[in-house]
Amino acid sequence: MAANMYRVGDYVYFENSSSNPLLIRRIEELNKTANGNVEAKVVCFYRRRDISSTLIALADKHARELEEEMENSEMADLPEKQKHQLRHRELFLSRQLESLPATHIRGKCCVTLLNETEALKSYLDREDAFFYSLVYDPQQKTLLADKGEIRVGNKYQADITDLLTEGEVDGRDLEKLEEKVWDSSSSLTEKQIDQFLVVARSVGTFARALDCSSSVRQPSLHMSAAAASRDITLFHAMDTLHATGYDMTRAIAALVPQGGPVLCRDEMEEWSASEANLFEEALEKYGKDFTDIQQDFLPWKSLTSIIEYYYMWKTTDRYVQQKRLKAAEAESKLKQVYIPNYNKPNPNQLSNSVKPALVNGAAGAAVPAPPGPGPTPVLGRACESCYTTSSYQWYSWGPPNMQCRLCASCWTYWKKYGGLKMPTRLDGERPGPNRSMSAHGLPLRHSGSPKFAVKTRQAFYLQTTGLTRMARRLCQDMIRPRYLARHPYLPVNTAAIKAECALRLPDGPQKPLSPKPVDRKPLESVVRYLEAHPRPAKPDPPTRGSISTGSLTPIKSSPILNNGSPTILGKRSYEQHNGLDGSKAKALTPQWDIMAKRVSDAGRPSASQQDEIHELD
C-alpha cells in the first residue's frame, strides 16, 4: 500500500512511450482536474541520451575536474562495465515544469545531488538510485553547475590567527583593523537621541514631497511618512550624529544642507512596481537562486541589489499575504495519491510461441522446461544486452529493420536506466551478438559505413576467426555445411555451436589436423603426356588481299567499342575468356589479323636457330 502512495516531493518514473525509457520526474504538486482526474506538476530530469554530444563532452570534462579537485581516482579504477552502467545513473536537473497524468506513474526512484563523501559505486549497489551535479537548460541548450554545493576551502573561509598565550601582547594596530561607528558613552541621553530621529524622519518625509519621482510612487502623506521611517533613514541619522561629535545643532544642520533636505532611499523605493512583479515571478520559478533571477529576469540589476531587495521584501505586508495565500492553496491541494500497479501487456512484448527447430539442431532440440513459472526456452536471436538465448519473456528493441530483442531482465534495465547492461555498438563501444554477424556467425566488417547493420553498395569482406574455423571441423554433424551452402538464408544458432565446440574441444586432437594428402604425379610422366598429346596447330586465318608489311602499325579503321562490358576483353563468351572449347571464335578484323601474323612471324626462330636447337637436344 505504501509503495503505491505518491506524495509531493517524491521522485518517480513516468511512462510516455512503450518502447522508450521511463522519464524521471519530481512531484511538485498534485492537482485534481474538473473531470476528476489527477495531474502531477513535476520537475524534469534529463538523461545523458537526452542531451547533445557537445554537452556530454562538457559534462565529462566537469567530472574529470571534480575528480582532480577532490583528488579521487575512483572512476578511473572502475571496470569498463561499471563505468558504462554508471553513466546510466547520471541525470541533469532542469528548471522546466510540466504537467503529466498521475496514472502514468510507474514507480518510485531516488535522485540525490552528487555527494563528495559518497562513493560512486554505491549508486550501482542500490536499485533505482540516480545522482546529478549539473543543471540543464533545454531552451538555451546549456549546462551549469548546481549551486547546492557546500563551499569549503581557502577560497571561502577566512584564516583564523593563533590564540594568544597568557601575557602575550597583540602587536597589531587595532585602529587600522576596525572602525568605530557609534559611541555609547556620549553626552546625549536616550530621549535626546529619539527626538533627533523624529526630526530625521520629518526631514525625510519633506524631502520625498519635493522629489518628483517619490511623489509619484508615494502619492499620499501617509505613504511618504512610512517610507521615511524605514531603516535607511534611521541609519543615516545616527551616522550623521556620530560624524558631528554628537552635537545636536551641527547634526540637524547636516540633515538640511545648502541644496535642500537629504533624501535616503533603499532598494524597496528604488524598484518600480513592474520590477517588483518580475522579481516575485522569478522567485516563484527559481527560488533563492539569485544568479538565475538576475540572468533571466533582471539583468539590469546588480546581484547585491537583488539580494538586498529580497531581505527587505520579506519584511513587507505583500510577503505575508503571499505566504498566507500559498498556505491556503496548499490546504486545498492533494497531499498524496494512490496509483495501482500497472499490469497491462507492453506492445513490444513478443509471443513465446514455439518455432521449428533450427538447422544446427542443438538449440532447436526439445529442451524440457522446468515446472512452474520458470523461463521458457525461446529460439532465435540472442539478447542484445546479456546475449542469453532463454528468457520467460522477450521484447522487441531498436529499429524494426534490425529485429533486435531483449530478455525480460535487460528490458527492465532499459526502461529504468535508459541503456543496456553491456556496451554495444549502438553506443559506439563494441558490437553486439546479432548486429555484426552474418547468417553463419562470421563477423562482417564494412568500409566505414555508419549504417553497420544495413546492407549497402560499399565493399565489405568476411573475416573468419580461428574458433569459427575450428568449430566447422569439430561440429560438422551440427552445422551440415553442404546443406547450408544450398540454403544460405536459413538461420544458424552460433551460440549453441560455440557451446558444443567448447565441450568437444578438450576431446579433440591436441595436434593440428594435417591437410588431406594429394597424390601428385612425377614430372617425367607429365612431360611424356604433353609429348604424346601435342597442341594442335592453329589454322591460319583467311587472308583478305595483299597488305604492306613494312610497318607494324595497324591500319587505321573505325575504333572498336566496348559496349558496356566491364573489362577490356569486350563481349566474349565464357569459353573464349577461359580458353575452353566452345563456340567458334569470331573472325578478327583485318588489322588485328595482320598484327597477330606479324607477331607470330617475329617470334618464330629462323632455320639456323632451329639447327642449333636440335644440336643442343
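By convention here, each chain's residues receive numbers from 1 onward along its written sequence. Per-residue local features of the predicted model are confined to residues with pLDDT of at least 70, and side-chain atom pairs are confined, for both listing and counting, to 80 or more; whole-chain, interface and lining totals are unaffected and use all residues. With hydrogens and water set aside, each side-chain value is computed from the structure's full complement of heavy atoms.

Regarding the packing of aromatic side chains
Two rings from Phe, Tyr or Trp (for Trp, the six-membered ring) form a pair when their centres sit within 6.5 Å of each other. Planes less than 30 degrees apart are called stacked, planes more than 60 degrees apart edge-to-face, and all others tilted. Evaluation of the coordinates by the stated rule reveals 20 aromatic pairs. Both rings, one in Phe279 and one in Trp313, keep their centres 5.9 Å apart while their planes meet at 75°; by these two values the pair is edge-to-face. Taken together, the residues span a long stretch of sequence, with Phe279 in helix 12 (residues 273-286) and Trp313 in helix 14 (residues 303-313) at a distance of 34 residues. Accessibility assignment for this pair places Phe279 and Trp313 in one class, buried. Taking the centre distance of 4.7 Å and the plane angle of 55° together, the rings of Tyr413 and Tyr417 count as tilted. Put simply, DSSP marks the helices as runs of H or I at least four residues long and the strands as runs of E at least two long, and each gets a number from the N terminus on. A simple rule labels every residue: compare its accessible area, found with a 1.4 Å probe on the protein chains alone, to the largest value its type can have, and call it buried under 20%, exposed over 50%, or partly exposed in between.

A word on the sheet that holds strand 11 (residues 394-397)
One bridge is not enough; two strands pair if DSSP finds at least two bridges between them. As summarised here, the arrangement of the three strands in space is 10-11-12, forming an open sheet in which the pairing is antiparallel. Of all the strands in the sheet, just strand 10 (349-350) and strand 12 (404-407) have a single pairing partner and so form its edges. Of the strands in this sheet, strand 11 and strand 12 are in contact with helix 16 (residues 408-417), which crosses strand 12 at around 100°. Any two residues having at least one pair of non-hydrogen atoms within 4.5 Å are treated as being in contact. Here an angle of 0 to 180 degrees is reported between the N-to-C directions of two axes, which are lines fitted to C-alpha atoms, with helices fitted over the stretch in contact.

Focus: unusual backbone geometry
Positive phi, normally seen in glycine, also occurs at Asp128, with a value near 60°. Tracing the backbone shows Asp128 in the loop between helix 4 (121-125) and strand 7 (129-137). A relative accessible area of 16% places Asp128 in the buried class. One non-glycine residue, Arg480, lies in the positive phi region at around 55°.

Remarks on the packing of helix 12 against helix 14
Helix 14 packs onto helix 12 with a crossing angle of 85° between their chain directions and a minimal axis gap of 12 Å. As judged from the angle between their axes, helix 12 and helix 14 are roughly perpendicular. Residue-level contacts link Ala276, Phe279, Glu280 and Leu283 of helix 12 to Ile306, Tyr309, Tyr310 and Trp313 of helix 14. Of the residues that constitute the contact of helix 12 with helix 14, the class distribution is seven nonpolar, no polar and one charged. An angle below 35 degrees is treated as roughly parallel, one above 145 as roughly antiparallel, one from 65 to 115 as roughly perpendicular, and anything else as oblique. Under the convention adopted here, Pro, Cys and the residues Ala, Val, Leu, Ile, Met, Phe, Trp and Tyr are nonpolar, Asp, Glu, Lys and Arg are charged, and Gly plus all remaining residues are polar.

Some remarks on the environment of Ala237
Structurally, Ala237 is set in helix 9 (residues 231-243). Ala237 sits 27 residues away from Cys264 along the chain, and the two C-alpha atoms are 10.0 Å apart. Excluding anything up to four places from it in sequence, Ala237 contacts Phe196, Leu197 and Ala200.

Observations regarding the environment of Lys416
Structurally, Lys416 can be placed in helix 16. Assessed through its relative accessible area of 22%, Lys416 is described here as partly exposed. For the pair formed by Lys416 and Asn20, sequence separation is 396 residues and the distance between their alpha carbons is 9.8 Å. Those residues in contact with Lys416 that sit more than four places away from it in its chain are Tyr13, Arg47, Glu127, Asp128 and Phe130.

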